[in-house]
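Listed below are the residues making up each chain.
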Amino acid sequence: MQEIIDKANVLMEALPYIKRFYNKTIVIKYGGNAMVEEHLKEGFAKDIILMKYIGLNPVVVHGGGPQIGQVLKAMNIESHFVQGMRVTDSAIMDVVEMVLGGKVNKEIVSNINRHGGRAVGLSGKDGNLITARKLEMTAVNPDTLTPEIIDVGMVGEVESVHPEIIDALEESNFIPVIAPVGTGLNGETYNINADLVAGKIAGALKAEKLILLTDVEGVKDKDGELISTIDVQKVPDLINDGTISGGMIPKVNCCVDAVEEGVHKTHIIDGRMEHACLLEIFTDKGIGTAIARF
């Protein structure tokens, strides 16, 4: 009997959050181990369906770097990275679009639909969702100590987001699942970092939350302890003193930009934890690091 009561208490803990977030949009960047391990993939699909059934509007933006790498290797196409970005020529871009918009996107859609959801797969090219421009990267030449432009090919950044297609899907009770590919002004295709796409879409939708699923617990302090909340105004100081460093910097900056564009609260959480999204949204304590204006 106590086990049954405990289950009821869990539901009661979730009740105020269900009321607060009813009919609100939650943008989730789906990536890392959560996209690889079968039990996590199944758990994620069920989490998204539960959100939809209780009145939230989840929007999924996914990555797919490891899957792209596997296909390139199988096709004997070499690729290399500069500052964490895959240099993308036209041949690699074809593979990127095929893997992200085809294999990965449709697998996520299928998983959600198989468990009773109504998901629809998109890329940023559908409905003119994402207009992109070429990403300009620079690095200091060690010989001349002057900045030089690095050409990483068809890697892009978001120019603008036109969310009408997402609005239409939400009104029809569908769950959008979006591959991070955009279109340039001349019709060219760009591969875009999924975190950046999720942040820009969340901002365009004025989402209640942006959640980035990662393979770490969240942002940690210099002693290795998890930081549960960060005010956006303190982010520059945390970067300058080295608390936020390496690959966490672009993720945190993505969250800051989303808050500046109207997202109420952003979260960096550990996607290796089962039901991570539900634990963040519907429990008093939550998990990971929340970044917002506090």
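Colleague: What's the story with the overall build of the protein chain in this structure? I'm lost.
Modeller: Helices and strands together make up the secondary structure of the protein chain, namely nine helices and 16 strands. Once the C-alpha set of the protein chain is aligned to its principal axes, its extents read approximately 70 × 45 × 35 Å. The buried share among the 294 residues of the protein chain stands at 49%. Restricting the contact set of the protein chain to residue pairs at least 6 apart, pairs at least 24 apart contribute 73%. In the structure as shown, the protein chain presents an accessible area of about 14400 Å², 53% of it carried by carbon and sulfur atoms. Charged side chains of the protein chain number 28 positive and 41 negative; the gap between the two group centres comes to 5 Å.

Colleague: Please explain the sheet that holds strand S14 (residues 229-231) as it appears in this structure.
Modeller: Strands pair in a sheet through their backbones, by hydrogen bonds, and they do so in one of two ways: parallel or antiparallel. With mixed pairing, eight strands are arranged side by side in an open sheet as S5-S10-S2-S1-S13-S15-S16-S14. Pairing within the sheet leaves two strands with one partner each, and these edge strands are strand S5 (119-123) and S14. Averaged over all adjacent pairs, the angle separating strand axes in this sheet is 20°, with direction ignored. Sheet analysis places strand S1 (residues 25-30) next to strand S2 (residues 57-62), joined by six bridges and oriented parallel. Bridge pairing links Tyr30 to His62 in S2. Against the sheet, helix H2 (residues 38-53) makes contact with S1, S2, strand S10 (175-179) and strand S13 (209-214), and its axis sits at roughly 150° relative to S2, the strand it touches most. Seen against the sheet, helix H4 (residues 90-114) touches S1, S2, S5 and S10 and runs at an angle of roughly 160° to S10.

Colleague: Any chance you could explain the packing of helix H6 (residues 194-205) against helix H8 (residues 248-260) here in plain terms?
Modeller: Geometry of a packed helix pair, given as the angle between the helix axes and the separation of the axes. At their nearest, the axes of H6 and H8 sit 9 Å apart, and the two run at 10° to each other. As the angle between them shows, H6 and H8 are arranged roughly parallel. Every pair of crossing elements has a handedness; the one defined by H6 and H8 is right-handed. On H8, the residues that touch Asp195, Leu196 and Gly199 of H6 are Lys251, Cys254 and Ala258. Grouping the constituent residues of the contact of H6 with H8 by class yields three nonpolar, one polar and two charged.

Colleague: Before we go on, may I ask you to explain the side chain of Lys41 in this structure?
Modeller: Along the chain, the position of Lys41 falls in helix H2. Beyond its immediate sequence surroundings of up to four residues, Lys41 is in contact with Tyr30, Ala34, Met35, Val36, Glu107 and Asn111.

Colleague: What exactly am I supposed to notice about the environment of Gly271 here?
Modeller: By the secondary structure assignment, Gly271 is in the loop between strand S15 (265-270) and helix H9 (276-282). By relative accessible area, Gly271 is classed as buried at 4%. Residues Gly271 and Asn33, 238 residues apart in the sequence, show an inter-C-alpha distance of 6.8 Å. Filtering out sequence-adjacent residues up to four positions away, Gly271 remains in contact with Ala34, Leu40, Leu213, Thr214 and Ala276.

Colleague: What is the right way to read the pairing of S13 from this model?
Modeller: A regular strand places its side chains so that they alternate between the two faces of the sheet. Where burial is concerned, most of S13 is hidden: six out of the six residues are buried. Side chains Lys209, Ile211 and Leu213 of S13 all project onto a buried face; the interleaved residues Leu210, Leu212 and Thr214 project onto the opposite face, where all are buried too. Of the pairings in the sheet, the one linking S1 to S13 comprises four bridges and is parallel in character. Bridge assignment links Ile26 to a residue of S13, and that residue is Lys209. Sheet analysis places S13 next to S15, joined by six bridges and oriented parallel. Paired with Thr214 across the bridge in S15 is Asp270.

Colleague: Would you mind going over the nonpolar core with me for this structure?
Modeller: One recurring pattern in soluble globular proteins is that nonpolar side chains are buried together. Ranked by size, the top nonpolar core spans 42 residues in total, and within it Ile28, Met51, Ile112 and Leu213 carry the most contacts. Of all the secondary-structure elements, those providing two or more residues to this core are helix H1 (2-21), S1, H2, helix H3 (65-74), H4, S10, S13 and H9. It is H4 that provides the largest number of residues to this core, a total of 10 residues. If near-sequence neighbours (up to four positions away) are discounted, Ile28 is found in contact with Phe44, Ile48, Met51, Val59, Val60, Val61, Ile211, Leu213 and Cys277. In this structure, Ala132, Leu169, Leu210 and Ile227 belong to the second largest nonpolar core, which totals 39 residues.

Colleague: Explain the pattern of salt bridges here, please?
Modeller: A pair can form between side chains of opposite charge whenever their charged atoms are brought close. By the definition in use, this model includes 14 salt bridges. For Glu38, the salt bridge identified is with Lys41, shortest N-O distance 3.0 Å. One end of the pair, Glu38, and the other, Lys41, are both in helix H2, three residues apart, so they sit about a helical turn from each other. Across the salt bridge formed by Lys41 and Glu107, the nearest N and O atoms sit 2.5 Å from each other. On the criterion of sequence distance, the pair formed by Lys41 in helix H2 and Glu107 in helix H4 is long-range, its members being 66 residues apart. Of the residues examined, Lys41 reaches a relative accessible area of 8% and is grouped as buried. On the basis of relative accessibility, which here comes to 30%, the residue Glu107 falls in the partly exposed class.

Thresholds, definitions, all that
Residues numbered from 1 in each chain as written. Predicted model: local features only at pLDDT ≥ 70, side-chain atom pairs only at ≥ 80, totals over all residues. Heavy atoms only, no water. Helix = DSSP H or I, 4+ residues; strand = E, 2+ residues; numbered from the N terminus. Buried < 20%, exposed > 50% of the residue type's maximum accessible area, 1.4 Å probe, protein only. Contact = heavy atoms within 4.5 Å. Areas by Shrake-Rupley, 256 points an atom, 1.4 Å probe, with all protein chains shown as cover. Lys, Arg positive; Asp, Glu negative; His and termini not counted. Charge placed at Lys NZ, Arg CZ, Asp CG, Glu CD. Pairing = 2+ DSSP bridges. Axes fitted to C-alpha atoms, helices over the stretch in contact; angles between N-to-C directions. Parallel < 35°, antiparallel > 145°, perpendicular 65-115°, else oblique. Left-handed = near helix turned anticlockwise from the far one by under 90°. Nonpolar A, V, L, I, M, F, W, Y, C, P; charged D, E, K, R; others polar. Core = buried A, V, L, I, M, F, W, Y, C linked by side-chain atoms within 4.5 Å. Salt bridge = Lys/Arg side-chain N within 4 Å of Asp/Glu carboxyl O.

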